[in-house]
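Now for the letters of each chain:
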Amino acid sequence: MKKFLLLIFMGMILVSCVTVPKDIKPVKNFELPKYLGKWYEIARIDNSFEKGLTHVTAEYSLKDDGGVKVLNKGYSSEKDEWKEAEGKAYFIEDSGTGLLKVSFFGPFYGAYVIFWLDYENYNYALVTSSSKSYLWILSRTPEINDNIKQFLMDEIESHGFDKSKIMFVVQK
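Residues numbered from 1 in each chain as written. Predicted model: local features only at pLDDT ≥ 70, side-chain atom pairs only at ≥ 80, totals over all residues. Heavy atoms only, no water.

Student: What should I look at first to understand empty space enclosed by the protein in this one?
Tutor: Over the atoms a probe the size of a water molecule is rolled, and this reveals where empty space is left. Under the counting rule described, the total for this entry stands at 1 cavity of 30 Å³ or more. Every element with two or more residues in the lining of the largest cavity is listed here: helix H2 (32–35) and strand S3 (68–76). Its residues assigned to classes, the lining of the largest cavity shows 9 nonpolar, no polar and no charged. (1 Å grid on protein atoms, 1.4 Å probe; cavity = no way out; pocket = protein on both sides within 12 Å on 5 of 7 lines; lining within 4 Å. Points joined across faces, edges and corners; volume = space filled by probe spheres on them. Helix = DSSP H or I, 4+ residues; strand = E, 2+ residues; numbered from the N terminus. Nonpolar A, V, L, I, M, F, W, Y, C, P; charged D, E, K, R; others polar.)

Shown next as structure tokens:
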């Protein structure tokens, strides 16, 4: 009985990691083939696994099992080395909804919520996790112009994120 309760408890923990924050809605009419490829991290709410990293990129490609291979890279000037993390992602709902679960650590998954997207060209995206303490501004180019930056910052604020926590990532 204890093992069964432990399994239920672990399942509840894992499920809670792939929820969507209040007032955030994943994009609809999402097209994975247009999203695949290289993205540059323009800004983020800093977190322990990216602390001190610059030149951060994420590259998404299809896996044989229908999932998405995730390859994140960033440079640590403190250690004078590139850091790399490979993960996998799978749709939680349907493939037309920008809500995936992503794992870099075996069976443990977290939410990957695309809540704003440049549908026309797939050049810009806003991504969060199951908590608003995570946020990323992604772009297909290492730099964005001030008008787009302001638009995205306004979008972030309209979704209840604290703009004062946003840090811009050095890309050049």
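Student: What should I look at first to understand the side chain of His159 in this one?
Tutor: Positionally, His159 belongs in the loop between helix H3 (146–158) and strand S9 (166–168). For His159, the side chain forms a polar contact with the side chain of Ser158, separated by 3.4 Å. Once you skip the residues sitting within four places of it in the chain, His159 turns out to touch Asp23, Ile24, Phe115 and Lys132. (Polar contact = N/O pair within 3.5 Å; in protein donor to acceptor, adjacent residues only side chain to side chain. Contact = heavy atoms within 4.5 Å.)

Student: What's the story with the nonpolar core in this structure? I'm lost.
Tutor: Proteins that are soluble and globular tend to have nonpolar side chains buried together. Phe30, Tyr35, Tyr60, Tyr112, Ile114, Leu117 and Leu138 are the most contacted members of the largest nonpolar core, which has 20 residues in total. At the level of elements, H2, strand S2 (53–62), S3, strand S5 (99–105), strand S6 (108–117), strand S7 (124–128) and strand S8 (135–139) are the ones that each hand at least two residues to this core. Top element by residues in this core is S6. It accounts for 3 residues. Leaving out residues up to four positions away in the same chain, Tyr112 has contacts with Tyr35, Tyr60, Gly98, Leu99, Leu100, Val102, Val127, Thr128 and Leu138. With 19 residues, the next largest nonpolar core counts Ile42, Ala43, Leu126 and Ile166 among its residues. (Core = buried A, V, L, I, M, F, W, Y, C linked by side-chain atoms within 4.5 Å. Buried < 20%, exposed > 50% of the residue type's maximum accessible area, 1.4 Å probe, protein only.)

Student: When you look at unusual backbone geometry in this model, what are you seeing that I'm missing?
Tutor: Comment: phi is negative for the bulk of residues other than glycine, and the bulk of peptide bonds are trans. A positive phi is found at Asn29, a non-glycine position, where the angle reads about 55°. Unlike most non-glycine residues, Tyr122 shows phi in positive territory, near 55°. Its place among the elements puts Tyr122 in the loop between S6 and S7. Relative accessible area serves as the criterion here: at 1%, Tyr122 is assigned to the buried category.

Student: Which parts of the structure should I look at to understand the confidence of the model for the protein?
Tutor: On average, residues of the protein carry a pLDDT of 90, and 90% of them reach 70 or more. Every residue in residues 1–16 scores below 50 in pLDDT, and together they form 5 contacts with partners more than four places removed in sequence or on other chains. (pLDDT = per-residue confidence, 0-100.)

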